[in-house]
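A look at the structure
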Amino acid sequence: MNYNIFEKAYSFTSFIDLKPDEVEKVWGWRNHESIRKWMYHTEIIPIENHLKFIEKLSDAKDKIYFLVKRENVPLGVFSIIDINNDQGEWGYYIAPEYHNQNFGVEFYYYALKYVFESLNFKKIIGFALLENKPANSLNDLFGFTKIIVNKNENGKTHEYYYRELNLETWKNKVKGDKKIMRLLELTVNKKLI
């Protein structure tokens, strides 16, 4: 199977270039309970705050946010914050309407390919709550390291897996991994509704 052809089905739009309906869609996703429960800040974000956040991104040098589309249908979001040279902290979520539809591996693969091969990052890190089994399964599959750490968020201490993936691991272990390639085949012909 030629994954480069399917890669063209994926596009990445910076938050600063979103259309008004896309801004609203991302805001709705972020406030959805199934997304908020895994965030550092779990409170509902008012639309005014969301709009100000996006406006400030045009001046930000240490963070980038992208809407991920598959065949022009919005599928999810990924971000990299605390950017320092060619490293940063990765975060993502898939739209609630596509949870449990097996697009996670495909989303991860093409988003990480974009991060390492188009944005030219050398290393990304991330944090996932220990109980976030879907995120931790994807991180394990894609070769992220795993160390348990405590983080204090909003006055509460939570246990997270600290995750790390570098360009070398992406190129030599992840990109051509047979299991990942087999999993990609399961969704290549699946349509987003």
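Details of the structure are given in the entry above.
The model shown is predicted, which means the values in this text are computed figures rather than measured ones. (Residues numbered from 1 in each chain as written. Predicted model: local features only at pLDDT ≥ 70, side-chain atom pairs only at ≥ 80, totals over all residues. Heavy atoms only, no water.)

Now for the overall build of the chain. Summing up its helical and strand segments, the chain has eight helices and seven strands in all. Taken over the C-alpha trace, the chain has a radius of gyration of 16 Å; the compact-globule value for 193 residues is 16 Å, and the two agree within 12%. Considering only C-alpha atoms, the chain reaches an extent of 45 × 40 × 35 Å along its principal axes. Of the contacts formed within the chain by residues at least 6 apart in sequence, a portion of 64% connects residues at least 24 apart. Here the chain carries 28 positive and 26 negative side-chain charges, and the mean point of each set is 5 Å from the other. (Helix = DSSP H or I, 4+ residues; strand = E, 2+ residues; numbered from the N terminus. Rg over C-alpha atoms; globule rule 2.2 N^0.38 Å. Contact = heavy atoms within 4.5 Å. Lys, Arg positive; Asp, Glu negative; His and termini not counted. Charge placed at Lys NZ, Arg CZ, Asp CG, Glu CD.)

For the rest of this paragraph, the subject is the nonpolar core. Counting 48 residues, the largest nonpolar core has Phe78, Trp90, Leu112, Ile124 and Phe142 as its most contacted members. Among the elements that take part in this core, helix H5 (residues 104–117) stands out by supplying ten residues, more than any other. If near-sequence neighbours (up to four positions away) are discounted, isoleucine 124 is found in contact with Ile80, Gly88, Trp90, Leu112, Val115, Phe116, Phe144, Arg163, Glu164 and Leu165. (Core = buried A, V, L, I, M, F, W, Y, C linked by side-chain atoms within 4.5 Å. Buried < 20%, exposed > 50% of the residue type's maximum accessible area, 1.4 Å probe, protein only.)

Attention now goes to the sheet that holds strand S2 (residues 64–70). Strand order in the open sheet formed by seven strands is S1-S2-S3-S4-S5-S7-S6, with mixed pairing between adjacent strands. Among the strands making up the open sheet, the edge pair consists of strand S1 (10–14) and strand S6 (147–153). Across the sheet, the axes of successive neighbouring strands diverge by a mean angle of 35°, strand direction being ignored. Note that strand S5 (residues 123–129) and strand S7 (residues 156–166) share seven bridges and pair antiparallel. Paired with lysine 123 across the two strands is asparagine 166, which belongs to S7. (Pairing = 2+ DSSP bridges. Axes fitted to C-alpha atoms, helices over the stretch in contact; angles between N-to-C directions.)

The subject of this paragraph is the pairing of strand S4 (residues 87–94). Here seven bridges tie strand S3 (residues 73–84) to S4, and the two strands are oriented antiparallel to one another. Paired with asparagine 84 across the strands is glutamine 87, a residue of S4. Adjacent in sequence and paired antiparallel, S3 and S4 are bridged by two residues, among which asparagine 85 carries a positive phi angle near 60°. As paired elements, S4 and S5 share three bridges and run parallel to each other. Directly across from glycine 88, in S5, lies its bridge partner isoleucine 124.

On to the pattern of salt bridges. Tallied over the entire structure, the rule returns ten salt bridges. One salt bridge in this structure joins lysine 69 and glutamate 22, with 2.5 Å as the shortest N-O distance. Of this pair, lysine 69 sits in strand S2 while glutamate 22 sits in helix H2 (residues 20–31); the two residues are 47 residues apart in sequence, bridging distant segments of the chain. Classification of lysine 69 by relative accessible area gives buried; the value is 12%. For lysine 113, the salt bridge is made with glutamate 117, and the minimal N-O distance between the two is 2.6 Å. With lysine 113 and glutamate 117 both in helix H5 and four residues apart, the pair spans about one turn of that helix. Residue classification places lysine 113 among the buried positions, given a relative accessible area of 7%. The network of salt bridges with common partners includes Arg70, Glu71, Glu106 and Lys191. (Salt bridge = Lys/Arg side-chain N within 4 Å of Asp/Glu carboxyl O.)

With that out of the way, let us pick up the packing of aromatic side chains. A complete count under the given rule lists 22 aromatic pairs for this structure. Centre to centre, the rings of phenylalanine 78 and tyrosine 114 are 6.3 Å apart; their planes meet at 70°, and the pair counts as edge-to-face. With phenylalanine 78 in strand S3 and tyrosine 114 in helix H5, this residue pair connects regions lying 36 residues apart in the sequence. A single burial state applies to phenylalanine 78 and to tyrosine 114, both of which are buried. Ring centres of tyrosine 109 and tryptophan 170 lie 5.5 Å apart, and the angle between their planes is 45°; on these two criteria the pair is classed as tilted. (Phe/Tyr/Trp six-rings, centres within 6.5 Å; stacked < 30°, edge-to-face > 60°.)

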